[in-house]
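Listed below, chain by chain, are the residues.
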Amino acid sequence: MSDRLCTVLLYSDDPQVRDRMRLAVGTRPAADLRIEFVEASTYAECVRLVDDYEIDLMLLDGEASPGGGIGIARQIKDDFDEAPLTCVVIARAADRWLAAYAEVDATLVHPLDPVAAAATVTELLRTHAPAA
């Protein structure tokens, strides 16, 4: 299997949360995947990055304020014909129903487990993203 470069958009209003998400996923979550990250701290930045880049996956902080990752995921799915894959990091496992309503592709729970984060991102990018 060839080495594939994927672009992941990290969204949170808190730069420390974006750092934790980046560290949990890593730039090499699997032997066949390399990740480059772009970052956004507002909904407007998310939209601009989705417009300007070929985003393979959005990793969104569900606890961000004022725009939470679940709402942003839903809005981008509604606004873009070919929206990127979405994974929302939530604080409470009970919020998975809300993420499902927003049509996110996966959820992770704060605090992030690096093994689970890398596995989830790898699974999404391998099985749902178009082949490079």
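Since the model is a prediction, treat every value here as computed from it, not as a measurement. (Residues numbered from 1 in each chain as written. Predicted model: local features only at pLDDT ≥ 70, side-chain atom pairs only at ≥ 80, totals over all residues. Heavy atoms only, no water.)

1. Let's talk about a nonpolar patch on the surface
A contiguous nonpolar surface patch, about 390 Å² in accessible area, is contributed by Trp 97, Leu 98 and Tyr 101. Position of Leu 98 relative to the elements: it lies in helix α4 (residues 96-101). (Patch = residues over 30% accessible without salt bridge, like charges linked within 9 Å, V, L, I, M, F, W, Y side chains within 5 Å. Areas by Shrake-Rupley, 256 points an atom, 1.4 Å probe, with all protein chains shown as cover. Salt bridge = Lys/Arg side-chain N within 4 Å of Asp/Glu carboxyl O. Helix = DSSP H or I, 4+ residues; strand = E, 2+ residues; numbered from the N terminus.)

2. A short note on the packing of helix α2 (residues 43-52) against helix α3 (residues 69-79)
Taken N-terminus to C-terminus, the directions of α2 and α3 make an angle of 40 degrees; their axes are 11 Å apart at the nearest point. Considering the angle they form, α2 stands oblique to α3. Relative to α3, the crossing made by α2 is right-handed. Residues Tyr 43, Cys 46 and Val 50 of α2 form the contact with α3, whose participating residues are Ile 72, Gln 75, Ile 76 and Asp 79. Along the lines of polarity and charge, the residues of the contact of α2 with α3 split into five nonpolar, one polar and one charged. (Axes fitted to C-alpha atoms, helices over the stretch in contact; angles between N-to-C directions. Parallel < 35°, antiparallel > 145°, perpendicular 65-115°, else oblique. Left-handed = near helix turned anticlockwise from the far one by under 90°. Contact = heavy atoms within 4.5 Å. Nonpolar A, V, L, I, M, F, W, Y, C, P; charged D, E, K, R; others polar.)

3. Looking at the environment of Gly 26
Tracing the backbone shows Gly 26 in the loop between α1 (15-25) and β2 (33-40). The class for Gly 26 is buried, based on a relative accessible area of 18%. Residues Gly 26 and Glu 36, spaced ten residues apart in sequence, show a C-alpha to C-alpha distance of 9.2 Å. (Buried < 20%, exposed > 50% of the residue type's maximum accessible area, 1.4 Å probe, protein only.)

4. A closer look at the sheet that holds strand β1 (residues 4-11)
One open sheet accounts for five strands, arranged β2-β1-β3-β4-β5; its pairing is parallel. Edge strands, defined here as strands with exactly one partner in the open sheet, are β2 and β5 (106-109). Neighbour to neighbour, the strand axes of the sheet diverge by 25 degrees on average, direction disregarded. (Pairing = 2+ DSSP bridges.)

5. Regarding the pairing of strand β3 (residues 57-61)
The element β3 is extensively covered by neighbouring structure, given that five of its five residues are classed as buried. Here β3 shows no split at all, with Leu 57, Leu 59 and Asp 61 on one side and Met 58 and Leu 60 on the other all buried. Pairing geometry for β1 and β3, over four bridges, is parallel. When the bridges of β3 are listed, Tyr 11 appears paired with Leu 60. Note: β3 against strand β4 (residues 85-90), five bridges, orientation parallel. Bridge pairing links Leu 59 to Cys 87 in β4. Handedness of the β3-α3-β4 crossover: right-handed. (Right-handed = clockwise from strand over helix to strand, strands pointing away.)

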